[in-house]
Amino acid sequence: MLRVSTANFYRSGESNIVERQAELLKVQAQLASGKRINSPGDDPLGAADVNSIRSGLSQFAQFKDNQGYARYLLNLADSAIAGVVQTVQDVQTRLVEAGNGVLTDADRRTLATDLEGQLARLVGLANSPDGAGGYLFAGARENTVPFAQSGTTVTFAGDDILQKLEISKDRFQQVKFSGDGLFLKARAGNGSFTTDAAAANTGSGWIDSGTVTNPAALTGRPYRIEFAVTGGVTSFSVQRDDGGGAFTTVVPATPYTAPQSIGFDGIQVSIAGTPANNDRFDVAPAPYQSLFDTVARAIAALRAPVQGNAAAQAQFRTDLSQAQASMQQALDQVLLKRSEIGTSLAELDNYETLADDRQLQYQSRLSAVEDLDYAQGVSDLARRQSAFEAALASYSKVSKLTLFDYL
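Rules used in this analysis
- Residues numbered from 1 in each chain as written.
- Predicted model: local features only at pLDDT ≥ 70, side-chain atom pairs only at ≥ 80, totals over all residues.
- Heavy atoms only, no water.
- Helix = DSSP H or I, 4+ residues; strand = E, 2+ residues; numbered from the N terminus.
- Buried < 20%, exposed > 50% of the residue type's maximum accessible area, 1.4 Å probe, protein only.
- Contact = heavy atoms within 4.5 Å.
- Polar contact = N/O pair within 3.5 Å; in protein donor to acceptor, adjacent residues only side chain to side chain.
- Pairing = 2+ DSSP bridges.
- Phe/Tyr/Trp six-rings, centres within 6.5 Å; stacked < 30°, edge-to-face > 60°.
- Axes fitted to C-alpha atoms, helices over the stretch in contact; angles between N-to-C directions.
- Parallel < 35°, antiparallel > 145°, perpendicular 65-115°, else oblique.
- Left-handed = near helix turned anticlockwise from the far one by under 90°.
- Nonpolar A, V, L, I, M, F, W, Y, C, P; charged D, E, K, R; others polar.

Draft legend 1. Geometry of the overall build of the protein. Looking only at helices and strands, the protein features seven helices and 15 strands. Relative to its 407 residues, the protein shows a buried fraction of 40%. Counting only contacts in the protein whose residues sit at least 6 apart along the sequence, the fraction spanning at least 24 positions is 68%.

Shown next, in the form of structure tokens:
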């Protein structure tokens with residue numbers, strides 16, 4: 001015969017009441033929070049899924065913050081570069097004005113003063129702040145003013161480290177730039193080579209910036225165009241540096257008629273005026289030249305007195321031609337960077353749209369896993385309430401029974 005003690009009997013009834021009460025409280029908590037899962041114990045697998053989804057949503061929120069900050073910095077950079085473009089174009093206008101043959105030395109000095117103001121403005125734009133104590137064009141040196149000006153000399157104190165932000169998974173967007181690459185690394189002259197007149201020239205000949213007629217024929221070597229005047233006849237020849245210090249004749253002695261177009265090894269230049277005996281013009285591969293140095297050289301050329309000196313006037317025209325060509329190269333470089341920033345902003349639009357779509361998908365999935373079906377919840381509440389009340393009623397009746405009730 002099975003014997004059940006009174007204590008066990010009561011414990012069983014109490015345990016049943018507690019279990020029914022816990023079930024009822026769980027449903028009430030779900031209805032109050034609107035969540036099916038309020039603790040990992042409610043649904044261990046679902047809780048793990050919820051944690052994973054929330055982690056994804058947190059990551060997307062960070063990406064959105066990064067995208068917003070990246071847009072802010074890129075817009076600041078675009079605004080600064082727009083100012084640089086406008087200033088460079090203003091400098092180009094002044095250089096065109098400087099080519100007017102009726103200008104006096106005083107007029108050119110006035111233009112030089114104007115260019116000094118433009119140079120200071122360029123330096124100010126290159127030192128544009130990021131609004132958070134740093135600078136847009138200092139690279140990674142956040143607390144260092146990237147450019148310092150002394151007279152017409154401008155030096156760079158930043159670095160070439162490019163700062164980036166992660167705007168999507170494994171996608172990093174450059175948000176700050178190195179002033180070294182943007183302002184200091186434009187090619188001089190026409191971008192392929194430079195031209196210059198020898199300092200010892202005494203004639204009135206001058207050379208333009210030249211053009212490339214056949215890129216495949218370029219040798220990357222320096223050249224010199226030498227003039228000789230014999231019996232009243234002016235001729236020129238072209239020699240190429242062979243790399244060992246010696247020069248090889250490329251164009252033999254040829255009669256010169258002003259203006260003279262001279263072509264060799266994919267290069268074409270034009271020389272005008274009247275070169276003197278032993279005058280020389282140099283053609284060399286274009287080195288890097290900073291935007292600031294280009295403006296400084298133009299200022300120096302404009303300040304040099306040339307009135308009444310044919311050789312000085314010729315040198316000025318050569319320098320002016322080089323300055324105009326170099327400014328165009330600098331302009332092309334900053335325009336290219338501005339175009340890249342525009343592309344980056346358009347890309348940010350796409351990533352922001354993608355992040356919004358992914359967030360919506362994750363939120364929908366989170367709702368499906370975590371949120372309570374209220375109709376089901378109300379039904380469960382009624383069922384759990386009935387079960388709890390039944391447990392109470394059963395325990396109440398059974399607990400009043402004694403052995404004497406059966407005798």
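Continuing now.
Draft legend 2. Here's a closer look at the side chain of threonine 195. Among the structural elements, threonine 195 can be located in strand β6 (residues 193-197). Under the relative-accessibility criterion, threonine 195 is labelled buried at 2%. Polar side-chain contacts of threonine 195 include one of 2.7 Å to the backbone oxygen of aspartate 208. A polar contact of 2.7 Å, which involves the side chain of threonine 195, links it to the side chain of glutamine 322.

Draft legend 3. Representation of the pairing of strand β10 (residues 233-241) in the model. Burial runs high along β10: seven of the nine residues are buried. Bridge count between strand β9 (residues 223-230) and β10: eight bridges; the pairing is antiparallel. Opposite phenylalanine 227, over in β10, you have phenylalanine 236 as the bridge partner. Between the antiparallel neighbours β9 and β10 lie two residues, among them glycine 231 with a positive phi of about 60°. The pairing of β10 with strand β11 (residues 247-255) spans six bridges and is antiparallel. From the neighbouring strand, phenylalanine 236 faces β11, where its bridge partner is threonine 254.

Draft legend 4. Looking closely at the packing of aromatic side chains. In the structure shown here, the tally under the stated rule is 11 aromatic pairs. Geometrically, the ring pair formed by phenylalanine 137 and phenylalanine 177 is tilted, given 6.5 Å between the ring centres and 35° between the ring planes. Here phenylalanine 177 lies in the loop between β4 (171-174) and α4 (179-183) and phenylalanine 137 lies in the loop between α3 (105-126) and β1 (147-150), a separation of 40 residues in the sequence. Here the two residues phenylalanine 137 and phenylalanine 177 agree in accessibility, since each one is buried.

Draft legend 5. Summary view of the packing of α3 against helix α5 (residues 291-303). Running from N to C, α3 and α5 point in directions that differ by 165°, and their axes come no closer than 8 Å. The angle between α3 and α5 places the two elements in the roughly antiparallel class. Every pair of crossing elements has a handedness; the one defined by α3 and α5 is left-handed. Contact residues: α3 offers Arg108, Arg109, Leu111, Ala112, Thr113, Leu115, Glu116, Leu119, Leu122, Val123 and Ala126, while α5 offers Leu291, Phe292, Val295, Ala298, Ile299, Leu302 and Arg303. Here the residues of the contact of α3 with α5 are counted per class, giving 13 nonpolar, one polar and four charged.

These figures come from the coordinates and say nothing about function on their own.
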